[in-house]
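# Residue-level structure breakdown
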Amino acid sequence: MIYWGDETAVKEDAHWVRGYAPRGQTPVLAVPARWTTLSMISAISPQGKVAFQIVEGSIDAERFITFLTALIQDAPQKIYLVVDNLRVHHAKVVTAWLADKKDRIELAFLPPYAPESNPDEYLNRDFKTALRTGAVSTDKNSLMAKATAFMDRLCQMPQKVASYFRHPSARYAMSGI
């Protein structure tokens, strides 16, 4: 089974809001203060499968290993995970963790500076658009709920996930299917 993975920040600080002010006066829009950082790591397959985790803080080597552990936990066959060249993916602790699991999971790396060739980047675009629409989250928990709700819905829409692989720059990932 081949998955493409990526990480992204979970934030709505570029929220699309509209306001009104009389001519010559700058509108002032109240935006909640920034909370603890949330991050998401996800992996998708051309068949429309989705795996994800949303965590507090940034994705480090330990969180990446936790995600990989969950990804292979119930996998009926070996997983190839295609990722970018984030430093975390090359960390010594990750390499050591993978060493005795070659029969269950293997990482493959995209070329440097080629985010458009990762189908998971198109998921991230939809994810961030969803976070920017609707009501602004009032705290970390409401942002987490909003993010999780979007991803849970996406997990139920394999045809939508498969569409990320039809982008011209990611179409190569469908070869062999």
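Look up a bit, the structure's there.
Residues numbered from 1 in each chain as written. Predicted model: local features only at pLDDT ≥ 70, side-chain atom pairs only at ≥ 80, totals over all residues. Heavy atoms only, no water.

With respect to the element layout, Leu 110 can be found in the loop between β5 (105–109) and α3 (120–132). With a relative accessible area of 8%, Leu 110 lands in the buried category. Along the chain, Leu 110 and Trp 4 lie 106 residues apart, while their C-alpha atoms are 9.6 Å from each other. The residues touching Leu 110, leaving out its near neighbours within four places in the chain, are Val 82, Val 83, Asp 84, Asn 85, Ser 117, Asn 118 and Tyr 172. (Helix = DSSP H or I, 4+ residues; strand = E, 2+ residues; numbered from the N terminus. Buried < 20%, exposed > 50% of the residue type's maximum accessible area, 1.4 Å probe, protein only. Contact = heavy atoms within 4.5 Å.)

For the rest of this paragraph, the subject is the packing of α3 against helix α4 (residues 140–155). Two numbers describe how α3 lies on α4: the axes approach to 10 Å, and their chain directions differ by 135°. Viewed along their axes, α3 and α4 adopt a mutual orientation that is oblique. Where α3 crosses over α4, the handedness of that crossing is right-handed. Here α3 contributes Leu 123, Asp 126, Phe 127, Ala 130 and Leu 131 to the contact with α4, which in turn contributes Leu 143, Lys 146, Ala 147, Phe 150, Met 151 and Leu 154. Looking at side-chain class alone, the contact of α3 with α4 contains nine nonpolar, no polar and two charged residues. (Axes fitted to C-alpha atoms, helices over the stretch in contact; angles between N-to-C directions. Parallel < 35°, antiparallel > 145°, perpendicular 65-115°, else oblique. Left-handed = near helix turned anticlockwise from the far one by under 90°. Nonpolar A, V, L, I, M, F, W, Y, C, P; charged D, E, K, R; others polar.)

Of note in this structure, Tyr 113 is not a glycine but carries a positive phi near 60°. With respect to the helices and strands, the residue Tyr 113 is situated in the loop between β5 and α3. Accessibility expressed as a relative area gives 81% for Tyr 113, which makes it exposed.

In this structure, Val 10, Leu 123, Phe 127 and Met 151 are the most contacted members of the largest nonpolar core, which totals 24 residues. Those elements that provide at least two residues to this core are β1 (2–10), β2 (38–44), β3 (50–56), α3 and α4. Ignoring sequence-local partners within four residues, the contact set of Val 10 consists of Leu 38, Ser 39, Met 40, Ile 54, Phe 127, Leu 131, Leu 143 and Ala 147. Of all hydrophobic cores here, the second largest spans 23 residues; its members include Ala 43, Ile 59, Leu 68 and Leu 98. (Core = buried A, V, L, I, M, F, W, Y, C linked by side-chain atoms within 4.5 Å.)

Another point: the packing of aromatic side chains. A full pass over the atoms with the stated rule returns three aromatic pairs. For the pair Trp 4 and Phe 165, a centre-to-centre distance of 5.4 Å together with 75° between the ring planes defines the contact as edge-to-face. With Trp 4 in strand β1 and Phe 165 in the segment after α5 (158–163), this pair connects stretches of sequence that are 161 residues apart. For the pair formed by Trp 4 and Phe 165, the shared burial category is buried. Pairwise contacts between aromatic rings join Trp 4, Phe 165 and Tyr 172 into one cluster. The ring of Trp 97 has Lys 101 sitting right over it, with the charged end atom 4.5 Å from the ring centre. (Phe/Tyr/Trp six-rings, centres within 6.5 Å; stacked < 30°, edge-to-face > 60°. Lys NZ or Arg CZ within 6 Å of the ring centre and 35° of its normal.)

On their own, these measurements won't tell you what the molecule is for.
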